[in-house]
Amino acid sequence: MQLRSAKGRQRLSEVLQRNPDLISVREAAATLGVSWGEASKLLARWAAQGWLKRIRRGLYAPIPLAAASSEQVLADPWILVPRLFEPAYVGGWTATEHWGFTDQLFRSVCVFTGKPVRKADVTIQSIPFHLKHIPESARFGLAVVWRDNVRVAVSDRTKTIVDILDDPSAGGGIRHVALCLESYVRSEDFEPKRLLSYVEKQGNGAVFKRLGYLMERFDGLDAKLAAQFRRRLTKGNSKLDPSLPADKLVTRWRLWVPSGWAASRT
């Protein structure tokens with residue numbers, strides 16, 4: 001890889017120093033004091049020369065000198081989340097890994113986004129992402145982490161649990177959700193008041209049903225908390241996991257569960 005002029009090397013160096021992780025046309029133009037059109041041409045030229053990797057239209061990532069391949073040049077896929085999916089946060093099974101609720105490793109990054117989702121599963125830079133659209137009202141309970149100098153939102157511990165109870169598929173399935181819930185409840189981070197508040201704000205009555213049933217199964221539900229859950233049960237019956245057949249009704253929690261699940265009490 002060679003740049004034909006000292007001016008070209010200097011320009012590229014300035015851009016990389018100011019934007020070490022991801023470079024947009026707007027950022028390159030601001031760094032170099034040139035028009036968007038000229039910045040776009042420069043970035044495309046540097047990508048053709050092998051210095052940059054095009055992530056999507058108008059967005060590039062530097063290719064490390066030691067990289068064996070330009071197929072994947074980002075060490076941390078989280079830094080793409082605010083650039084590609086904003087308003088968004090890392091959640092679901094990826095957040096359960098982040099907070100230490102599970103030892104299971106998932107290949108794709110689970111992202112909750114306010115943008116319309118045409119395809120739930122997309123691959124960018126050889127990195128698989130699983131996208132779930134959520135309304136603005138569900139974007140709460142977030143923490144901010146720094147990843148390679150990039151601010152990335154991630155669901156906090158309690159919101160992570162509420163999200164995967166709301167949609168078990170985003171938590172890797174109900175069995176994995178149950179394990180993560182138990183890990184959370186038995187940890188020092190368990191906050192019953194925050195949990196109640198979050199579930200109410202989430203606005204899905206099925207979450208209280210799943211929560212009460214699962215916590216009762218592993219004796220993590222005391223009488224006072226159980227009473228608060230039951231007072232908040234909505235009418236009608238829900239399913240423990242909408243993706244699974246369910247033929248046993250646990251009337252105590254107004255919940256249909258698969259026959260393989262031993263109900264705590266009916």
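Before reading on, note that the structure itself is shown above.
This text gives an overview of the structure that appears in the document. Along each chain, the written sequence defines residue order, and numbers are assigned to residues from 1. For this predicted model, a pLDDT threshold of at least 70 governs which residues receive local features, and a threshold of 80 or more governs which side-chain atom pairs are given and counted, while totals over whole chains, interfaces and linings are taken from all residues. The basis for every side-chain value is the complete set of non-hydrogen atoms in the structure, without hydrogens or water.

### What about the sheet that holds strand β12 (residues 255–257)?
Pairing between the strands of a sheet comes from backbone hydrogen bonds, and it takes one of two forms, parallel or antiparallel. This is how it is decided: When DSSP finds two or more bridges between two strands, those strands count as paired. By the criteria applied, helices consist of DSSP H or I runs no shorter than four residues and strands consist of E runs no shorter than two, each listed in order from the N terminus. In this description, contact between two residues means that some pair of their heavy atoms is separated by no more than 4.5 Å. For helices, the fitted line uses only the C-alpha atoms of the stretch in contact; every axis is such a line through C-alpha atoms, and the angle between N-to-C directions lies from 0 to 180 degrees.
Ordered in space as β10-β12-β11, the three strands form an open sheet in which the pairing is mixed. One side of each edge strand has no neighbouring strand; the edge strands of this open sheet are β10 (238–239) and β11 (248–250). With three bridges joining them, β11 and β12 adopt antiparallel strand pairing. Opposite L249, over in β12, you have W256 as the bridge partner. Where helix α9 (residues 205–217) meets the sheet, it contacts β10, β11 and β12, and its direction lies at approximately 60° from that of β12.

### A few points about the packing of helix α8 (residues 192–202) against α9
Inclusion rule: Just so you know the grouping, Ala, Val, Leu, Ile, Met, Phe, Trp, Tyr, Cys and Pro go in nonpolar, Asp, Glu, Lys and Arg go in charged, and all remaining residues, Gly too, go in polar.
Closest axis-to-axis distance for the α8/α9 pair is 8 Å, and the angle between their directions is 145°. On the side of α8, the interface is formed by L195, L196, V199 and E200, while α9 contributes V207, F208 and L211. In the contact of α8 with α9, the residues fall into six nonpolar, no polar and one charged.

Any functional reading would require information that these geometric values do not contain.
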